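Coordinate inspection notes
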Amino acid sequence: MAIDTKDAVHAVDAAAVMGLLPTRPRLLALGEPTHGEDPLLDLRNELFRQLVEQEGYRTITIESDCLKGLLVDEYVTSGKGSLDHVMEHGFSHGFGTSAANRELVRWMRAYNDGRPASGQLRFAGFDGPLEITHAESPRHSLTALHDYLAAQVEAELLPCTRETLDRLLGDDRRWTDPAAMMDPDRSIGRSAEAAELRLLADDLAALLDTQTPYLIAETSRDDWHRARLYGRTATGLLGYHYWMAGTSPSRMARLLGLRDRMMAENLLAAAERGPALVHAHNAHLQRDKSSMRLGELPLEWWSAGALLSAQLGEEYAVVATALGTLRHQGVDAPPPDTVEGLLYALPEDRCVVDTARLTAGFTGTPPTRRVSPYYGYAALDPAHLDGYDGLVFVKDIPQSQGH
């Protein structure tokens, strides 16, 4: 197997990335093959700074809790609070401990300092309030939506009182029990209270939609966008809890699909506000159908990227990141018959790769998929290369400081 790299490999900068695309997309996504590696996040920061300054992107959104992200956005736009507080409370999945994420937030605040609101850079998390082990209670999002509406519309338009919501929600520990992820009987998601809450959440979200002109005029477009986020999150969480309580073989596939649907909805909302940069795991951003095995059970679902690509067409673009070595996690030099192995043989330490030219240049036996010895790193699937607009390849990932 060989590869013709002529015209396929470029320096890593915004111009090279944009040169791969027919037009500036409304959502430009950069994926990563593993979480928690600051050298990859430093590269993301460098690229995103260039894309903001050269291409006019105005939102940066990452794979973190969408509600927690409101705290980060408030800090970068107003300076309210402290950077330490924001990093501790504004991120999920442990992402707030990353020095690179801290630098991203610091830079965004510095970029916005002295700029009018219309020219400021915004931050958003686009993941649901979910972890691998459990899902959050819908209390925060549902009551925040109710409070927003109750302050603006006539009481008779509301489907319930705040007290009714509190009664139906009950103790939040019933919603967040980690045992429910593996034992549907421990989930509250199909109780009579949860069923009533799903109807009320739908009614509140519908009321928000029907009152849109009035609400934007009486509050602000930002307040209305935040209320829409509360509505999406409340209905999404209640649906997620419903399927956590299910016992069908499709239970886990539905949960995976619902999480990515919540991600896609949040990214579409970001795109409504202007061109946005997206960062997440490659698996959430790919255009192809996602798959995995849970024990002996094969699971398939459509990722957020696949959903976005179907709806936005060329307004969505995704550049995946691939790596050569991650030696502190046991990932040594890739075999030469893999895509990573072909790129590892190049002289560049890092490069932007035109996937269309890359695949067109394959000669002989096609590449095989790399086998990852580390569960936290997902190798490229050669069958998915055509679903990416480009690759960023980094030859060697040194151990992050503090890891």
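Residues numbered from 1 in each chain as written. Predicted model: local features only at pLDDT ≥ 70, side-chain atom pairs only at ≥ 80, totals over all residues. Heavy atoms only, no water.

The name an unreviewed UniProt entry assigns to the protein is Erythromycin esterase family protein, from the organism Streptomyces spirodelae.

In terms of regular secondary structure, the protein is built from 16 helices and twelve strands. What you see for the protein is a C-alpha radius of gyration of 22 Å, in line with the 22 Å of a compact globule of 403 residues. The burial tally for the protein puts 55% of its 403 residues in the buried class. In the protein, the proportion of contacts linking residues at least 24 apart, taken out of those at least 6 apart, comes to 77%. Carbon and sulfur atoms make up 50% of the accessible area of the protein, which amounts to about 17,600 Å² in all. The distance from the centre of the 39 positive side-chain charges to the centre of the 57 negative ones in the protein is 1 Å. (Helix = DSSP H or I, 4+ residues; strand = E, 2+ residues; numbered from the N terminus. Rg over C-alpha atoms; globule rule 2.2 N^0.38 Å. Buried < 20%, exposed > 50% of the residue type's maximum accessible area, 1.4 Å probe, protein only. Contact = heavy atoms within 4.5 Å. Areas by Shrake-Rupley, 256 points an atom, 1.4 Å probe, with all protein chains shown as cover. Lys, Arg positive; Asp, Glu negative; His and termini not counted. Charge placed at Lys NZ, Arg CZ, Asp CG, Glu CD.)

This part takes up the pattern of salt bridges. Here the structure, examined in full by the defined rule, presents 26 salt bridges. D73 is the partner of R122 in a salt bridge, and the nearest nitrogen-oxygen pair spans 2.7 Å. Placement of the pair is R122 in strand β5 (residues 122-127) and D73 in helix α3 (residues 69-78), with a sequence separation of 49 residues. Of the residues examined, R122 reaches a relative accessible area of 19% and is grouped as buried. The residue D222 makes a salt bridge to R122 at a minimum N-O spacing of 3.3 Å. Here D222, found in helix α11 (residues 221-244), pairs with R122, found in strand β5; they are 100 residues apart in sequence, far enough to count as distant. Salt bridges sharing partners connect three or more residues here, namely R139, D147, R162, D166 and D172. (Salt bridge = Lys/Arg side-chain N within 4 Å of Asp/Glu carboxyl O.)

What follows concerns empty space enclosed by the protein. All told, the structure shown has two cavities of 30 Å³ or more when counted by the stated rule. Looking at the largest cavity, its volume works out to about 50 Å³. Lining the largest cavity we find V17, L28, A29, L30, L47, F48, L51 and V319. Contributing elements (two or more residues each) for the lining of the largest cavity: β3 (27-32) and α2 (38-55). (1 Å grid on protein atoms, 1.4 Å probe; cavity = no way out; pocket = protein on both sides within 12 Å on 5 of 7 lines; lining within 4 Å. Points joined across faces, edges and corners; volume = space filled by probe spheres on them.)

This brings us to the sheet that holds strand β12 (residues 390-396). The sheet built from eight strands is open, its strands ordered β2-β10-β12-β9-β3-β6-β4-β5 with mixed pairing. Here the strands that pair on one side only, and so sit at the sheet edges, are β2 (9-10) and β5. With four bridges joining them, strand β10 (residues 350-353) and β12 adopt antiparallel strand pairing. Directly across from R350, in β12, lies its bridge partner V394. (Pairing = 2+ DSSP bridges.)

What follows is about the pairing of strand β4 (residues 59-65). For β4, the buried fraction is high: seven of the seven residues fall into the buried class. Of the pairings in the sheet, the one linking β4 to β5 comprises five bridges and is parallel in character. Within β5, the position partnered with I60 by the bridge is F123. As judged from the four bridges shared by β4 and strand β6 (residues 276-281), these two strands associate in the parallel manner. Its bridge partner being in β6, T61 is matched across the sheet by V278.

A cluster of nonpolar side chains, contributed by M292, L294 and L297, occupies part of the molecular surface with about 220 Å² of accessible area. Here L297 lies in strand β8 (residues 297-302). Accessibility expressed as a relative area gives 32% for L297, which makes it partly exposed. (Patch = residues over 30% accessible without salt bridge, like charges linked within 9 Å, V, L, I, M, F, W, Y side chains within 5 Å.)

Its location among the elements puts L267 in helix α12 (residues 251-272). What makes L267 buried here is its relative accessible area of 1%. Beyond its immediate chain neighbours, meaning those up to four positions away, L267 contacts L27, T61, F126, V278 and L308.

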